[in-house]
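Observations on the model geometry
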Amino acid sequence: MKKVFVKSYGCQMNVYDAERMADMLASEGYSETKAMEEADLVILNTCHIREKAAEKVYSELGRVRELKQEREAAGRETKVVVAGCVAQAEGKEILRRAPAVDVVVGPQNYHNLPSLLKKPRSERVVDTEFPVEDKFDHLPKPSKAAIRNRGVSAFLTIQEGCDKFCTFCVVPYTRGAEVSRPVAKILDEALRLADAGVRELTLIGQNVNAYHGEGPDGAVWSLGRLLHRLAEIPGIVRLRYTTSHPRDMDDELIAAHRDLPALMPYLHLPVQSGSDRILDAMNRRHTGDEYRRLIERIRHVQPNLALSSDFIVGFPGETDAEFEDTMRLIADVGFASSFSFKYSPRPGTPAADIEAQVSEAVKAERLGRLQNLLEMQRQAFNHGTVGQTLDVLLEKPGRHPGQMAGKSPYLQPVQFESDRHAIGEIVTVRIMRAGSNSLFGEWIGPDSQAAA
């Protein structure tokens, strides 16, 4: 068989897309390889959310070009594909700057890869038009073996695109308008994953809690209603979703955190800033206090909630006082984990044209302070689990012989001594100590749930 190497950058959506590309190409005679030098086809599945994302891709393409030349000298053909959001944003510029690239394909068009790869070598192609058809209708179903090989936790795309138009974000331009998949198609994919041994589903979308798909009853279903239906699938014992917007946390979804034992008590809900003026400039359409009150509502129905968020420091015009507003919000709310970044102008977004850019030195100083506070909170949360008993979904053997490793309900890596448990089981573990990134415990039994 021919071999394909896929390198995926960025978000969970790209991980999902990379898997679906591999599934599709399997029917075209390609098997996956982890070694780029073995590959007859190299795919870079790119992300455009951070500064200099495109330049990083071009740097990687320089290395790919050398590899391609070496293989061609040995009589082996290599095709190179740039997919994802950088492909969508850069288009023909990639072909101009990177002669080694054969195909440029956007994130809504990768279902066309088999036909694009059959083009003559002399016909380098770009496919970044937003299609009328649903790409999911054209993607083959992955084999049970491929699903099993990826583990007991799986991503499932239910929604793509975003209509929020935050002024710093490229997603509406690279992923398009919000589109929700029909409930029946999501259930079909979820049932197939469960049948192959998947125990945990993470529902993903650029704005996943804006989900509004057509239900089998003809009505529009919300994310809350969809979660209730997915929780009924035999074998699926854990549900998560990401990434969400505060404006789309409706009553039905909040109630699901109270009513669904399968819905894990962990929520990634980006706030970005604690300053109302900056939030308005970002077009976030919520205030800092509205975010605080929303978290209070969710924690009222789910007291065990662990919260994660995204933060941007140094947004154009951000003052010292406005940065302190963000620090106060972090102190008020408390986060188990977070992602934080210096603001970086994204070409084509409104914020990139604001003249009052914050200096790199100030952004770096603010980011350092913010990350120190967030890390203190993360470590405090992890150490707070010491002495607790947590249900752990076993995902793989541990680092050392006789160990098993898995995830807590709060997405924390957990390791414990065991030579009797199997991947896919959920076992009860008493946490004995917290390391810098993992928890360590002991199995206390009996098993809370048997393997599927």
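Before going into details, it helps to say that this report is about the structure given with it. (Residues numbered from 1 in each chain as written. Predicted model: local features only at pLDDT ≥ 70, side-chain atom pairs only at ≥ 80, totals over all residues. Heavy atoms only, no water.)

Re helix α1 (residues 12–26)
Relative to the 21 Å expected for 15 residues at 1.5 Å per residue, α1 spans 21 Å between its end C-alpha atoms, a close match to the ideal helical length. Of all 15 residues in α1, 11 are buried, a share of seventy percent or more. Residues M13, N14, Y16, D17, A18, R20, M21, A22, D23, M24 and L25 constitute the buried set of α1. (Helix = DSSP H or I, 4+ residues; strand = E, 2+ residues; numbered from the N terminus. Expected span 1.5 Å × (residues − 1). Buried < 20%, exposed > 50% of the residue type's maximum accessible area, 1.4 Å probe, protein only.)

Quick notes on the pairing of strand β10 (residues 200–204)
Side-chain positions along a regular strand alternate between the two faces of the sheet. Judged by how many residues are buried, β10 sits mostly within the fold: five of five residues are covered. Side-chain alternation along β10 places E200, T202 and I204 on one buried face and L201 and L203 on a second face that is also buried. Bridge count between strand β7 (residues 153–157) and β10: five bridges; the pairing is parallel. Residue L156 lies in a different strand from β10, and its bridge partner there is L203. (Pairing = 2+ DSSP bridges.)

Here's the deal with the pairing of strand β20 (residues 426–434)
Direction of pairing for strand β17 (residues 389–397) relative to β20: antiparallel, over a ladder of five bridges. Within the sheet, the bridge partner assigned to L393 lies in β20 and is I426. Sheet topology places β20 next to strand β21 (residues 439–443); five bridges connect them, and they run antiparallel. Across the sheet, I431 pairs through a bridge with G441, a residue of β21. The loop that links β20 with its antiparallel partner β21 comprises four residues.

Re the sheet that holds strand β16 (residues 337–342)
Spatially, β14-β15-β16 is the arrangement adopted by the three strands of the open sheet, whose pairing is parallel. The strands lining the two open edges of the sheet, one partner per strand, are β14 (266–268) and β16. Along the sheet, successive strands turn relative to each other by an average axial angle of 10°, direction set aside. Of the strand pairs in this sheet, β14 and strand β15 (residues 306–313) are connected by three bridges, and their pairing is parallel. Counterpart to H268 in the pairing with β15 is S308. (Axes fitted to C-alpha atoms, helices over the stretch in contact; angles between N-to-C directions.)

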